[in-house]
Amino acid sequence: MIVHLIDGTYELFRHFYGQRRFNQGKDKPLGAVAGVLHSVLEMIETGATHIGVATDHVIESFRNELWPDYKTGEGIESALQAQFHPLEEALTAMGVAVWPMIELEADDGLASAARLAAEDPRVEKVCIWANDKDLAQCVRGDRVVQIIRKGMQIRNADGVRAKFGVEPTLIPDFLALVGDAQDGYPGIPGIGQTTAAALLNRHGPIESFPDGVLGAQRERAMLFKTLATLRTEAPLFADVNELEWRGPTAAFSDWPQRMADDRIQARCDKAGAARSATILSGKLTMAKDDG
């Protein structure tokens, strides 16, 4: 099986601002939620069977206690923020596995889910649908890959090395040195991407750097590495089959009207019917082979 892991917060932002180009600022109260659900259904229509979505139930996490300038929810438009929790509820009603993150971030949820899925021998590939640079640390060969929405680029381990100049496992060290403006930490002064990659390829992780390389900045670099290192220990599921989409729940019947979306119920029903037909076809094939 192929497991698809989705950054729900990013998808919500993507649809919210994508719709802004056409709605002239007249945001539908749950328009971005509907957009994310349509994206998930499109994946199901094209063959995805096992899907999990991680969301930022709140923007702040334990990292805000470590670094005061780490990203917060300040500045998020109220029309967008009001759709955070409804997204989780709507996805759950549609029968999709959802992991709302509180102490951890959505990226930590994706990293944890990727680890759990990759440990299962039944899983052929794990696809992480997220743009954040820090998720490149989760990539493993061709088995765990990151899919960048822009251009639908599939980034395997070779792709990570081509993009950043280092192995996936060194991405936290790389980001610690160069910084991550999106997350709110600046990196080490005077070290750009080329220098960071050269240092890491020469010495290995920051812990292995000779004392004189970073000097007084070593402690700060280690702090930034802690910020950049995704947590993988969240117990999100016990069995990968918990991620299998089996169609919408009864609670979904109210959502098309709530989202003012007339198309989504029919699309959901069609996807469910196609899934049932695929399962039946597989059972018939197995029975024929046994016979």
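Residues numbered from 1 in each chain as written. Predicted model: local features only at pLDDT ≥ 70, side-chain atom pairs only at ≥ 80, totals over all residues. Heavy atoms only, no water.

Q: It is not clear to me how the overall build of the protein should be interpreted in this structure. Could you clarify?
A: Looking only at helices and strands, one finds 13 helices and six strands in the protein. In terms of overall size, the protein behaves like a compact globule, its C-alpha atoms giving a radius of gyration of 21 Å where 291 residues would be expected to give roughly 19 Å. Referenced to the eigenvectors of the C-alpha coordinate spread, the extents of the protein come out at roughly 65 × 55 × 30 Å. Here the protein holds 291 residues, and the buried ones make up 51% of them. Intrachain contacts of the protein at a sequence separation of at least 6 include 69% that bridge at least 24 residues. Across the protein, 31 positive and 41 negative side-chain charges occur, with their mean positions spaced 6 Å apart. (Helix = DSSP H or I, 4+ residues; strand = E, 2+ residues; numbered from the N terminus. Rg over C-alpha atoms; globule rule 2.2 N^0.38 Å. Buried < 20%, exposed > 50% of the residue type's maximum accessible area, 1.4 Å probe, protein only. Contact = heavy atoms within 4.5 Å. Lys, Arg positive; Asp, Glu negative; His and termini not counted. Charge placed at Lys NZ, Arg CZ, Asp CG, Glu CD.)

Q: Explain the sheet that holds strand β1 (residues 2-7) here, please?
A: Two orientations exist for strands paired in a sheet by backbone hydrogen bonds: parallel and antiparallel. Read from one edge of the open sheet, six strands run β3-β2-β1-β4-β5-β6, paired in mixed fashion. Looking along the sheet, the strands with just one partner apiece sit at the ends: β3 (97-101) and β6 (153-155). The mean inter-strand angle of the sheet, taken between neighbouring strand axes irrespective of direction, is 25°. Of the strand pairs in this sheet, strand β2 (residues 50-56) and β3 are connected by five bridges, and their pairing is parallel. (Pairing = 2+ DSSP bridges. Axes fitted to C-alpha atoms, helices over the stretch in contact; angles between N-to-C directions.)

Q: Could you clarify how one ought to interpret the packing of helix α2 (residues 31-45) against helix α5 (residues 84-93) in this entry?
A: When two helices pack together, their arrangement is given by the angle between their axes and by how far apart the axes lie. At their nearest, the axes of α2 and α5 sit 9 Å apart, and the two run at 35° to each other. For α2 against α5, the interelement crossing comes out right-handed. Here Val 33, Val 36, Leu 37 and Val 40 of α2 lie close against α5, whose contacting residues are Pro 86, Leu 87, Ala 90 and Leu 91. A per-class count over the contact of α2 with α5 returns eight nonpolar, no polar and no charged. (Left-handed = near helix turned anticlockwise from the far one by under 90°. Nonpolar A, V, L, I, M, F, W, Y, C, P; charged D, E, K, R; others polar.)

Q: Help me understand the environment of Asn 241 in this model?
A: Mapped onto the secondary structure, Asn 241 falls in the loop between α11 (218-228) and α12 (255-258). You can call Asn 241 partly exposed: its relative accessible area is 28%. On a C-alpha basis, the gap between Asn 241 and Ala 117 in space is 9.8 Å, while along the polypeptide they are 124 residues apart. Apart from the residues lying within four places of it in its own chain, the contact partners of Asn 241 are Met 1, His 50, Arg 122 and Arg 246.

Q: Would you mind showing me how to read empty space enclosed by the protein here?
A: In this approach the atoms are scanned with a rolling probe the size of a water molecule, which exposes any empty space left behind. Under the defined criterion, the tally for this structure stands at one cavity of 30 Å³ or more. Empty space within the largest cavity amounts to approximately 40 Å³. Forming the boundary of the largest cavity are Thr 9, Leu 12, Thr 55, Asp 56, Phe 84, Leu 87 and Glu 88. The set of elements that each furnish at least two residues to the lining of the largest cavity consists of α1 (8-23), β2 and α5. By residue number, the principal contributor to the lining of the largest cavity is α5, which donates three residues. (1 Å grid on protein atoms, 1.4 Å probe; cavity = no way out; pocket = protein on both sides within 12 Å on 5 of 7 lines; lining within 4 Å. Points joined across faces, edges and corners; volume = space filled by probe spheres on them.)

Q: Quick question: what am I supposed to make of the pattern of salt bridges here?
A: Opposite charge on two side chains lets them pair, provided their charged atoms get close. A full pass over the atoms with the stated rule returns 18 salt bridges. Notably, a salt bridge pairs Glu 105 with Lys 71, separated by 3.2 Å at the nearest N-O pair. In this pair, Glu 105 sits in the loop between β3 and α6 (106-118) while Lys 71 sits in the loop between α3 (63-66) and α4 (78-81), placing the two residues 34 residues apart along the sequence. The exposure class of Glu 105 is buried, given its relative accessible area of 3%. Across the salt bridge formed by Arg 115 and Glu 119, the nearest N and O atoms sit 2.9 Å from each other. Salt bridges linked by common partners bring Arg 63, Lys 71, Glu 105, Asp 108 and Asp 183 together as one network. (Salt bridge = Lys/Arg side-chain N within 4 Å of Asp/Glu carboxyl O.)

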